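Overview (structure and organization)
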Amino acid sequence: MRRSIGEIEERIRRGEATVLTAEEVGGLVEQGAITELQDVDVVTTATRAVMSGTYAVLSFGFAKKGSFTRAVSARINGVPAHVGPCPNERLGHVDLIVFGTAHRDERYGGGHLFRDLVARKSVCVDVETSDGRCISRDITLDDIPHARLFGTRHAFMNYSAFVNMGDAHSTIFHAIPFPPAMSGASFSGCGVLNPLKNDPLLETIGVGTRVLINGAEGFVIGTGTRSTPEKPNLSGFADMHQMIPEFMGGFVTSAGPECVTSWAVPVPVLSRHVLDAVLLPDEAIPMPVMDITTRSALWVADYAQVWRDVDLAVRVVSDSCRDCGDCIAEISCPMGAIKRPVRIDRSLCFNCGLCTVLCPDVFRARLGSIRSPDGLDIPVTLRQSDRFRAARLAEMLKRRILDGSFRISSPVEKLSP
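Residues numbered from 1 in each chain as written. Predicted model: local features only at pLDDT ≥ 70, side-chain atom pairs only at ≥ 80, totals over all residues. Heavy atoms only, no water.

1. Thoughts on the overall build of the chain
When helices and strands are counted, the chain shows eight helices and 26 strands. Against the compact-globule benchmark of 22 Å for 417 residues, the chain has a radius of gyration of 22 Å, which places it among compact chains. Dimensions along the principal axes, computed over C-alpha positions, put the chain at roughly 70 × 55 × 40 Å. Here the chain holds 417 residues, and 54% of them are scored as buried. Long-range pairs, those at least 24 residues apart, make up 72% of the contacts in the chain with a sequence separation of at least 6. (Helix = DSSP H or I, 4+ residues; strand = E, 2+ residues; numbered from the N terminus. Rg over C-alpha atoms; globule rule 2.2 N^0.38 Å. Buried < 20%, exposed > 50% of the residue type's maximum accessible area, 1.4 Å probe, protein only. Contact = heavy atoms within 4.5 Å.)

Here you go:
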């Protein structure tokens, strides 16, 4: 038996469709309530993670016509922007490309800038002109008619966990120097919620598939860079004007600022193969473990070790705070979410768990551990995916499908995994 997206769209229009989040599917599978194709029509999936391959294309009128010939360089809030490709000669217009990993300093980069723009904060644009002048102007996103966020490689089917067999050193895979001698682990991936885990052969996800990126409607435009049949990933874009700040941002690693991006993808259950993928629990999803120094594969764990029987959100026990002069948790928080007197700004928090490692009396969460083949339990000391918000995004997509404000779409072309 095989179904079409058109059939499922019709069921949604008639109010007959069963739409479930990937986490809801897991609970119903344990009850034996989902076994056949007709038991579920659409599964909503999502991921929120540090995604380096993110950039923005911004095009806007910057000055009066004739005020300069062309721009040769630019910065926005100090973050370098690439000028081009159009010269816009004497139009006073600029086209800028900003990488999510570009940065002003070690605490502020492209990811922070993108969130500030989406939050409608004023940002300072500095443009160097071809005649050597510098022109500055404060603008908001509403002054930028064309603002699109692109992903070059996002939403890997399953990423890697990392351990360090050597000495501590700085890396994009940890917010502090990576703990040495196998004393801690970091990982990415939202397990059962991850979009491509639920459609590994790309039967339903293709060019033109409608998705949510940071809460805004966007589209898949292809597979991303370094995509392989074993580990596919996606490339896509969405309009920044419709994005929601809490699903994006900057994440400061010990090697510099990175970019947080979120995706939500509907997976119509068209075939038995898609259903079988949807039904896989966290313990059946492989999580390769690699040495951070050599980037060599060590063994394969599974996502149940880091997402089963853990706390998705960090708790604060404020009465236990000793009000240290220099709060190491506040200083080290990769999202700048810890404030004094001690509290967490939930709109910023990534639930990475680093604060629970640095100050376990005040900040608490079970983060899980990764077991080595010889039985060593290596504690998770940083999560680079936020399953708490991914679950919220999957639920948001489900509601929008059911109320008709989001329409699932057939791909215009299939993708090769």
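So that's the structure; there's more coming.
2. Observations regarding unusual backbone geometry
Put simply, Gly84 and Pro85 share a cis peptide bond, and its omega is 5°. Mapped onto the elements, Pro85 comes out in the loop between strand 5 (79–83) and strand 6 (93–99). A cis geometry characterises the amide bond from Arg340 onward to Pro341, with omega recorded as -10°. Residue placement: Pro341 occurs in the loop between strand 22 (338–339) and strand 23 (343–344). Residues other than glycine seldom take positive phi values, yet Met182 does so here, at roughly 60°.

3. A look at the packing of aromatic side chains
Scanning the model with the defined rule gives eight aromatic pairs in all. Seen from their ring centres, Phe187 and Trp307 are 5.3 Å apart, and the 75° between their planes marks the pair as edge-to-face. Here the residue Phe187 occupies a position in strand 13 (residues 185–187), and Trp307 occupies one in helix 5 (residues 304–307), the gap between them amounting to 120 residues. Trp307 shares its class with Phe187; the two are buried. (Phe/Tyr/Trp six-rings, centres within 6.5 Å; stacked < 30°, edge-to-face > 60°.)

4. Overview of the pattern of salt bridges
Applying the stated criterion across every chain yields a total of 31 salt bridges. By sharing partners, the salt bridges in this structure join Arg3, Glu10, Arg11, Arg13, Arg14, Glu16 and Asp41 into a single network. (Salt bridge = Lys/Arg side-chain N within 4 Å of Asp/Glu carboxyl O.)

5. Considering the side chain of Thr381
Mapped onto the secondary structure, Thr381 falls in strand 26 (residues 377–383). Leaving out residues up to four positions away in the same chain, Thr381 has contacts with His174, Pro179, Gly184, Ala185, Leu354 and Val357.

6. Quick notes on the sheet that holds strand 13
In a beta sheet, neighbouring strands are held together by backbone hydrogen bonds and run either parallel or antiparallel to one another. Ordered in space as 20-19-12-13-26-25, the six strands form an open sheet in which the pairing is mixed. At either end of the open sheet lies a strand with only one pairing partner, and these are strand 20 (297–302) and strand 25 (369–371). On average, adjacent strands in this sheet sit at an angle of 35° to one another, irrespective of strand direction. In terms of strand pairing, strand 12 (residues 161–163) meets strand 19 (residues 286–291) through three bridges, oriented parallel. If you follow Ala161 over to strand 19, its bridge partner there is Val289. (Pairing = 2+ DSSP bridges. Axes fitted to C-alpha atoms, helices over the stretch in contact; angles between N-to-C directions.)

7. Details of the environment of Ala74
Among the secondary structure elements, Ala74 is positioned in strand 4 (residues 71–76). The class of Ala74 is buried, set by a relative accessible area of 7%. Taking the C-alpha atoms as reference points, Ala74 and Gly100, separated by 26 residues in sequence, lie 15 Å from one another. Beyond its immediate chain neighbours, meaning those up to four positions away, Ala74 contacts Val79, Pro80, Ala81, Val83, Leu96, Asp126 and Val127.

8. Section: helix 3 (residues 110–118)
Of all the nine residues making up helix 3, nine are buried; the element is thus mostly covered by neighbouring parts of the structure. Those residues of helix 3 lying buried are Gly110, Gly111, His112, Leu113, Phe114, Arg115, Asp116, Leu117 and Val118.

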